[in-house]
Amino acid sequence: MAHIQVPEGVPGIRSLVMFRPETGKYLYDLAQELLRGDSPLSQADRELIAAYVSKRNDCFFCMSSHAAAARCLYEGDEALVDEVLRDMERSSVSDKLKALLHIAGKVQVLGKEVTEGDISAARDLGATDKELHDTVLIAAAFCMFNRYVDGLASLTPTDPEVYKEMGKHMVKGYNLPPKQA
Amino acid sequence: MPHIPLESHLPGITGLLEYSKATAQPIRDLTQFLLRGPSSLTEAERELIATVVSHGNECTFCTTAHTAAADLLAGEAITAQKVKENIETAPVSEKMKALLHIAALTRQSGKSVSEEAIARAKSAGATDVEIHDTVLIAALFCLYNRYVDGMGTALPADPAYYGVLAERLVNHGYTRLPQGYEHLKK
């Protein structure tokens, strides 16, 4: 059971933003801008960063839902998502994306963990300022979302089919659910 | 040196928010609502939550800035300092101790927030909205602290910068200055 009285049967962050739409509105605006807005990183890669950080934060809801969205967005290459979640370093994503995921993993631990060496390694593989920025901010934002979802003990479905459906909706964008009746 | 080129007259978070205005907008709006919007927690109490989390995350810029804002709002510099040293012995109400404890647990991990910590806050009189906002403020500062340090932003060259910043956070708030920040260039 959630720590506070959120609408019953509604999973994850959706239940929390229905409880408090005043803050939910901005949280969804941020997710939309970070994951669907202008960025040199593809939407699939951004969802993958979100899923990877959520996995490291042990947030099953966010990991499963963003992994499902990433699988939809990678279309034919959806196996990449599972490879990264299993063992990022050995996955078959590009070296540049690996370097960015490595930075995201450092951000998950603490901001200070990101070193000049991590940044220059990513730059040597072609990462731009904006790609570095977006990677760090997505990772930081999921350190917020994950804590929000689990810190209030929101409902976490276990059925993979539920997340598959969720992923399809997330691909269309992040919109605040209607206020409860 | 920051990891990407940022305006040198805007240390800490401000240079980042100016670098990426599209993502800055919802972050600023969320912060303005959580820390300055209508709430049964005072602005000073909400700044203490930001301070405790930033301190735990070892983010010098955010800790110093929010300590300064909390001090200015409270009209004294003892409470924020004591809260950073030890929540349980700090001169705050039982309810605030319980909420700050929840914030400290949220900082560690969402899963660390225990039934006991929640029950303690509720029995000290905390409402669901207060618990919600405490967790979200703590989570939001886990974003800020990682953004500020993960991008290697600079600390202000002059410590007086924090006083000016605290005044802006208290008198103006967290939204972007309508005139921008060019006037801060020396």
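Residues numbered from 1 in each chain as written. Chains lettered and ligands numbered in written order. Predicted model: local features only at pLDDT ≥ 70, side-chain atom pairs only at ≥ 80, totals over all residues. Heavy atoms only, no water.

In the nomenclature of an unreviewed UniProt entry, chain B is known as Carboxymuconolactone decarboxylase of Pedobacter psychroterrae.

As recorded in an unreviewed UniProt entry, chain A goes by the name Carboxymuconolactone decarboxylase, listed as coming from Pedobacter psychroterrae.

Secondary structure summary: chain B contains nine helices and zero strands in total. Reading the helices (α) and strands (β) of chain B from amino to carboxyl end gives α-α-α-α-α-α-α-α-α. Computed over the C-alpha atoms, the radius of gyration of chain B is 16 Å, within 12% of the 16 Å expected from 2.2 N^0.38 for a compact globule of 186 residues. C-alpha extents for chain B along the principal axes are approximately 50 × 35 × 30 Å. For chain B, the proportion of its 186 residues judged to be buried stands at 59%. Intrachain contacts of chain B at a sequence separation of at least 6 include 67% that bridge at least 24 residues. For chain B, the exposed area adds up to about 7,300 Å²; of that, 55% sits on carbon and sulfur atoms. (Helix = DSSP H or I, 4+ residues; strand = E, 2+ residues; numbered from the N terminus. Rg over C-alpha atoms; globule rule 2.2 N^0.38 Å. Buried < 20%, exposed > 50% of the residue type's maximum accessible area, 1.4 Å probe, protein only. Contact = heavy atoms within 4.5 Å. Areas by Shrake-Rupley, 256 points an atom, 1.4 Å probe, with all protein chains shown as cover.)

Let us now look at the layout of surface pockets. Roughly 500 Å³ of volume is contained in the largest pocket. Lining the largest pocket are 20 residues, with A:Ile13, A:Tyr28, A:Met166, A:Met170 and A:Tyr174 sitting closest to its centre. Counting only elements with at least two residues in the lining of the largest pocket, the list comes to helix 1 (12-19), helix 2 (21-36), helix 4 (60-74), helix 8 (129-151) and helix 9 (160-172) of chain A. Per-element tally for the lining of the largest pocket: the top contributor is helix 9 of chain A, with five residues. Empty space within the second largest pocket amounts to approximately 430 Å³. Every residue lining the second largest pocket is counted, 20 residues in all, and those nearest its centre are B:Ser8, B:His9, B:Pro11, B:Tyr161 and B:Lys186. Its residues assigned to classes, the lining of the second largest pocket comprises twelve nonpolar, four polar and four charged. (1 Å grid on protein atoms, 1.4 Å probe; cavity = no way out; pocket = protein on both sides within 12 Å on 5 of 7 lines; lining within 4 Å. Points joined across faces, edges and corners; volume = space filled by probe spheres on them. Nonpolar A, V, L, I, M, F, W, Y, C, P; charged D, E, K, R; others polar.)

The next thing to look at is the pattern of salt bridges. If you walk through the whole model with that rule in mind, you get 23 salt bridges over all chains. The closest approach of N and O atoms between B:Asp133 and A:Arg20, which form a salt bridge, is 2.8 Å. Of the two residues, B:Asp133 sits in helix 8 (residues 128-150) while A:Arg20 sits in the loop between helix 1 and helix 2, which places them in two different chains. Where B:Glu58 meets A:Lys112, a salt bridge forms, and the shortest distance between an N and an O atom there is 3.6 Å. Pair noted here: B:Glu58 is in the loop between helix 3 (43-56) and helix 4 (60-74) and A:Lys112 is in the loop between helix 6 (95-109) and helix 7 (116-124), and the two residues belong to different chains. Sharing partners across several salt bridges, the network here consists of A:Arg20, A:Glu22 and B:Asp133. (Salt bridge = Lys/Arg side-chain N within 4 Å of Asp/Glu carboxyl O.)

Right, let's talk about the UniProt feature "domain: Carboxymuconolactone decarboxylase-like" (unreviewed entry) in chain A for a bit. Per the UniProt record, the feature "domain: Carboxymuconolactone decarboxylase-like" (unreviewed entry) sits at residues 21-103 of chain A. Strand forms 0% of residues 21-103 of chain A and helix 76%; the C-alpha atoms that close the span are 32 Å apart. (UniProt positions renumbered as here; feature names shortened; annotations may be inferred.)

This brings us to the UniProt feature "domain: Carboxymuconolactone decarboxylase-like" (unreviewed entry) in chain B. In the numbering used here, UniProt assigns the "domain: Carboxymuconolactone decarboxylase-like" (unreviewed entry) feature to residues 30-70 of chain B. Annotated as residues 30-70 of chain B, this span is 78% helix and 0% strand, and its ends, taken at the C-alpha atoms, are 19 Å apart.

All names here are of chain B. It is the contact of helix 2 (residues 21-36) with helix 3, at a shortest axis distance of 8 Å, that shows an interaxial angle of 125°. Taken together, the axes of helix 2 and helix 3 are oblique relative to one another. The segment helix 2 lies against helix 3, with Phe 33, Leu 34, Leu 35 and Arg 36 engaging Glu 43, Arg 46 and Glu 47. Considering only residue class, the contact of helix 2 with helix 3 consists of three nonpolar, no polar and four charged. (Axes fitted to C-alpha atoms, helices over the stretch in contact; angles between N-to-C directions. Parallel < 35°, antiparallel > 145°, perpendicular 65-115°, else oblique.)

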